[in-house]
Amino acid sequence: MSDVSVLEAAVRTEFGKGAARRTRRDGNVPAVLYGHGEAPKHLSVNAQAFAAILREHGANAVLNLEIEGKKQLALTKSVVVHPIRRYIEHADLLIVRRGEKVTADVPVALTGEAAAGTLVTQDTTTLSVEAEALNIPEQIEVSIEGVEAGTQILAGQIALPKGITLAVDAETLIVNIIEAPAAEEGESAEGEAEAESAE
């Protein structure tokens, strides 16, 4: 993950809802850059370029911001997406330095199939970890292949990549595998649905 995406950023001089709307209307995302004791900088970044970086590198994308000719490494800390229209409304960016450790929430991806007759519930979809800013994994895979009912996978049991440490309580429940509720009278839910649609 050493290839850091370069993103041009312009300094915003207008603030407030109207200014943010105008920024978005021009095809940009209003963003705030903060951290390392520096005064927050109000920026705007190209919406399409930013969305493409997030698609490629995930929610914890590290950016090399180009602000008025100067480069600044930043970690995407939070992105607010419009619930219906799905455009990016706002982003918070955190100043980072190479080699510096940061805390980030990394998506948990379940792989494999649990044992037959089980129901898998994922208690949390992200895992909070501490990692070097340029070494945050895009996701952490947890295998549930053949896992029997009654199994709980806790944060502390997940194998993390080298150089990455857990930033939550090791007892945090991530995945719970229980016995699947029995279908009534031996008929599967699919069978019932088919019977209804046939009427």
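Look up a bit, the structure's there.
Residues numbered from 1 in each chain as written. Predicted model: local features only at pLDDT ≥ 70, side-chain atom pairs only at ≥ 80, totals over all residues. Heavy atoms only, no water.

Draft legend 1. Quick peek at the pairing of strand β4 (residues 62–67). The element β4 is extensively covered by neighbouring structure, given that 5 of its 6 residues are classed as buried. Note that strand β1 (residues 5–11) and β4 share 5 bridges and pair parallel. Its bridge partner lying in β4, Leu 7 is registered against Leu 65. Counting the residues that bridge the hairpin from β4 to strand β5 (residues 70–81) gives 2 residues, and of these Glu 68 lies at a positive phi of roughly 50 degrees. (Buried < 20%, exposed > 50% of the residue type's maximum accessible area, 1.4 Å probe, protein only. Helix = DSSP H or I, 4+ residues; strand = E, 2+ residues; numbered from the N terminus. Pairing = 2+ DSSP bridges.)

Draft legend 2. View of empty space enclosed by the protein. Taken as a whole and assessed by the stated rule, the structure comprises 1 cavity of 30 Å³ or more. Computed from the structure, the largest cavity encloses a volume of approximately 40 Å³. Along the walls of the largest cavity sit His 57, Gly 58, Ala 59, Asn 60, Pro 107, Ile 136, Pro 137 and Glu 138, which together make up its complete lining. Residues belonging to the lining of the largest cavity are distributed by class as follows: 4 nonpolar, 3 polar and 1 charged. (1 Å grid on protein atoms, 1.4 Å probe; cavity = no way out; pocket = protein on both sides within 12 Å on 5 of 7 lines; lining within 4 Å. Points joined across faces, edges and corners; volume = space filled by probe spheres on them. Nonpolar A, V, L, I, M, F, W, Y, C, P; charged D, E, K, R; others polar.)

These figures come from the coordinates and say nothing about function on their own.
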